[in-house]
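Descriptive analysis of the structure
One-letter residues, chain by chain:
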Amino acid sequence: QVQLVESGGGLVQPGGSLRLSCAASGSMFSALNVGWYRQAPGRQRDLVAVITSGGRINYQNSVEGRFTASRDNAKNTLYLQMNSLKPEDTAVYYCNAEDILVGMNYWGKGTLVTVSS
């Protein structure tokens, strides 16, 4: 079992920045593929960024160059630095962890990011 808790969401003006964190517990964090997803009202949940256990990072095209995902395996924590935020980035952001050895996927409860003036 893996427990994930997101933090760092809030209200920010267009062009501003936020840093999300996701604290993980319950399993060997370094062995997990981890990532961020988001879901805007009335829309499906979409991938924002994923970091494999080997450190490879992939981003959704719309956030490439503005968002930076990182992980600190010593702290069992995943981060998402979001810069140059746009109103269309408004969504609930979810942390995800995939344990490919046991075929399990885990989700946090989400943190709301609102980009508005």
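This write-up is about the structure you can find in this document. Please read these numbers as outputs of a predicted model, since none were measured by experiment.

It is worth spelling out the environment of Val2 at this point. Tracing the backbone through its elements, the reader meets Val2 in the segment before strand S1 (3-7). Measuring from C-alpha to C-alpha, the distance between Val2 and Ser25 comes to 5.7 Å, with 23 residues separating the pair along the chain. Non-local contacts of Val2, meaning those with residues more than four positions away in its chain, are made with Ser25, Ser27, Leu32, Ala97 and Tyr106.

Bringing the nonpolar core into the picture now. Counting 29 residues, the largest nonpolar core has Trp36, Leu80, Met82 and Tyr93 as its most contacted members. Residues contacting Tyr93, with those up to four places away along its chain left out, are Glu6, Leu20, Trp36, Tyr37, Arg38, Val48, Phe67, Leu80, Met82, Gly110, Thr111 and Val113.

In this section: the sheet that holds strand S3 (residues 18-25). Strands sit in the order S1-S3-S8-S7 across an open sheet of four strands; the sheet is antiparallel. Of all the strands in the sheet, just S1 and strand S7 (67-72) have a single pairing partner and so form its edges. Between one strand and the next, the sheet's axes are offset by a mean angle of 15°, whatever the strand orientation. Direction of pairing for S3 relative to strand S8 (residues 77-82): antiparallel, over a ladder of six bridges.

Tracing the backbone through its elements, the reader meets Asn96 in strand S9 (residues 91-99). Engagement of the side chain of Asn96 in a polar contact is seen with the side chain of Asn105, the distance being 2.6 Å. One polar contact links the side chain of Asn96 to the main-chain carbonyl oxygen of Tyr106, over a distance of 3.2 Å. Setting aside residues up to four positions removed in sequence, Asn96 forms contacts with Leu4, Asn33, Val34, Gly35, Tyr37, Asn105, Tyr106 and Trp107.

Rules used throughout
Residues numbered from 1 in each chain as written. Predicted model: local features only at pLDDT ≥ 70, side-chain atom pairs only at ≥ 80, totals over all residues. Heavy atoms only, no water. Helix = DSSP H or I, 4+ residues; strand = E, 2+ residues; numbered from the N terminus. Contact = heavy atoms within 4.5 Å. Core = buried A, V, L, I, M, F, W, Y, C linked by side-chain atoms within 4.5 Å. Buried < 20%, exposed > 50% of the residue type's maximum accessible area, 1.4 Å probe, protein only. Pairing = 2+ DSSP bridges. Axes fitted to C-alpha atoms, helices over the stretch in contact; angles between N-to-C directions. Polar contact = N/O pair within 3.5 Å; in protein donor to acceptor, adjacent residues only side chain to side chain.

Purely spatial values, then, with no claim about function.
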